[in-house]
Amino acid sequence: DDKLEKLAVSDGLRAVRFAEVVVVLLDATIPFEKQDLTIIDLVESEGRAVVIGCDSMLSIDGELVGKPHTPEVAAARWRAMRGRTGRLLTGHCAILLDDGAVAGESGGTRATTLRFGAPSDAEIDAYVATGEPLPVAGGFTLDGLGGWFVDGIEGDPSSVIGISLPLTRQLLGDLGVSPVALW
């Protein structure tokens, strides 16, 4: 595993040296590892980078709810929202760094409507016991176990999963960066 990790970091560093623009995606809830810091340091010293931050909240009956954090809150939230409709509001901000200085920034939001299923109390308790709904906005995931209890969506599914690709493409365009430059 250690040899594979070193190879992955080596490949990442080589890619950074030849890239026109670099995007590093990190989960703010997971501590940086040594290789993350090594790559970020090289990105900064090499020149251009895009920093994208995003977060979401669920609006249900006009009340904004974030991450439940505890099993009790997650279970109560699911019992209150089952069979109902909510809107997931996702905000993004993109910042272009050039030679260590901010060269541009752009931000925006997306709203996606979700129709929640009507899981039984036993199903809600089983879902909450997995721990999956605790660290996520609204207490559900679309691409994980919570997807079993979402009957439908209207809008951008990628914004529900984590990062809105259409919005990110728009923000990158505002900064003069094409998404194909990141491939």
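Refer to the structure presented above.
The structure reproduced in this document is the subject of the present report. (Residues numbered from 1 in each chain as written. Predicted model: local features only at pLDDT ≥ 70, side-chain atom pairs only at ≥ 80, totals over all residues. Heavy atoms only, no water.)

This paragraph deals with the environment of I52. Looking at the element boundaries, I52 is found in strand 2 (residues 49-60). For the pair I52 and C93, spaced 41 residues apart in sequence, the C-alpha to C-alpha distance is 5.6 Å. (Helix = DSSP H or I, 4+ residues; strand = E, 2+ residues; numbered from the N terminus.)

With that out of the way, let us pick up the packing of helix 3 (residues 71-81) against helix 4 (residues 121-129). Two elements in contact, helix 3 and helix 4, have axes separated by 10 Å at closest approach and are oriented at 145°. Taken as a pair, helix 3 and helix 4 cross one another with a handedness that is right-handed. For the pair formed by helix 3 and helix 4, the contact residues are P71, A74, A75, W78 and R79 on the first element and D121, I124, D125, Y127 and V128 on the second. The class makeup of the residues in the contact of helix 3 with helix 4 is 7 nonpolar, no polar and 3 charged. (Axes fitted to C-alpha atoms, helices over the stretch in contact; angles between N-to-C directions. Left-handed = near helix turned anticlockwise from the far one by under 90°. Contact = heavy atoms within 4.5 Å. Nonpolar A, V, L, I, M, F, W, Y, C, P; charged D, E, K, R; others polar.)

Here the focus is the packing of aromatic side chains. Overall, the coordinates contain 5 aromatic pairs when judged by the stated rule. Where F116 meets F140, the ring centres are 5.2 Å apart and the plane angle is 80°; that geometry is what we call edge-to-face. Residue F116 is located in strand 5 (residues 101-116), and its partner F140 is located in the loop between helix 4 and strand 6 (150-154); the two are separated by 24 residues in the primary sequence. Its relative accessible area of 3% is what places F116 among the buried residues. Judged by its relative accessible area of 4%, F140 falls in the buried class. An angle of 65° between the planes, with centres 5.9 Å apart, marks the rings of Y127 and F149 as edge-to-face. You can see Y127 sitting in helix 4 and its partner F149 sitting in the loop between helix 4 and strand 6, a full 22 residues away along the chain. We classify Y127 as buried; its relative accessible area is 4%. Three or more aromatic residues link up through ring pairs in this structure, and these residues are W78, F116, Y127, F140 and F149. (Phe/Tyr/Trp six-rings, centres within 6.5 Å; stacked < 30°, edge-to-face > 60°. Buried < 20%, exposed > 50% of the residue type's maximum accessible area, 1.4 Å probe, protein only.)

What follows is about a nonpolar patch on the surface. There is a patch of nonpolar side chains on the surface, built from M57, L64 and L89 and spanning about 240 Å² of accessible area. Of note, L89 is situated in strand 4 (residues 85-98). Exposure remark for L89: the relative accessible area of 31% places this residue in the partly exposed category. (Patch = residues over 30% accessible without salt bridge, like charges linked within 9 Å, V, L, I, M, F, W, Y side chains within 5 Å. Areas by Shrake-Rupley, 256 points an atom, 1.4 Å probe, with all protein chains shown as cover. Salt bridge = Lys/Arg side-chain N within 4 Å of Asp/Glu carboxyl O.)

Glancing now at the nonpolar core. Counting 19 residues, the largest nonpolar core has L58, W78, M81, L88, L114, F116 and F140 as the members making the most contacts within it. Contributing elements (two or more residues each) for this core: strand 2, helix 3, strand 5 and helix 4. Broken down by element, this core gets its largest block of residues, 4 residues, from helix 3. Ignoring anything within four residues of it in the chain, the contact list for L114 reads L58, R84, T85, G86, L88, F140, V150, G152, I153 and V160. A94, L167, L172 and V177 belong to the second-largest nonpolar core, a separate cluster that totals 8 residues. (Core = buried A, V, L, I, M, F, W, Y, C linked by side-chain atoms within 4.5 Å.)

What follows is about the pattern of salt bridges. In total, this model carries 6 salt bridges according to the counting rule given. Between D121 and R79 there is a salt bridge, with its nearest N and O atoms 3.1 Å apart. With D121 in helix 4 and R79 in helix 3, this pair connects stretches of sequence that are 42 residues apart. When its relative accessible area of 37% is taken as the criterion, D121 is described as partly exposed. Linking D121 and R82 is a salt bridge whose minimum nitrogen-to-oxygen distance equals 2.9 Å. You can see D121 sitting in helix 4 and its partner R82 sitting in the loop between helix 3 and strand 4, a full 39 residues away along the chain. Within this structure, R79, R82, D121 and D125 form a network of salt bridges that share partners.

Now for the pairing of strand 5. Direction of pairing for strand 4 relative to strand 5: antiparallel, over a ladder of 14 bridges. Counterpart to I95 in the pairing with strand 5 is E105. With 4 bridges joining them, strand 5 and strand 6 adopt antiparallel strand pairing. If you follow F116 over to strand 6, its bridge partner there is V150. (Pairing = 2+ DSSP bridges.)

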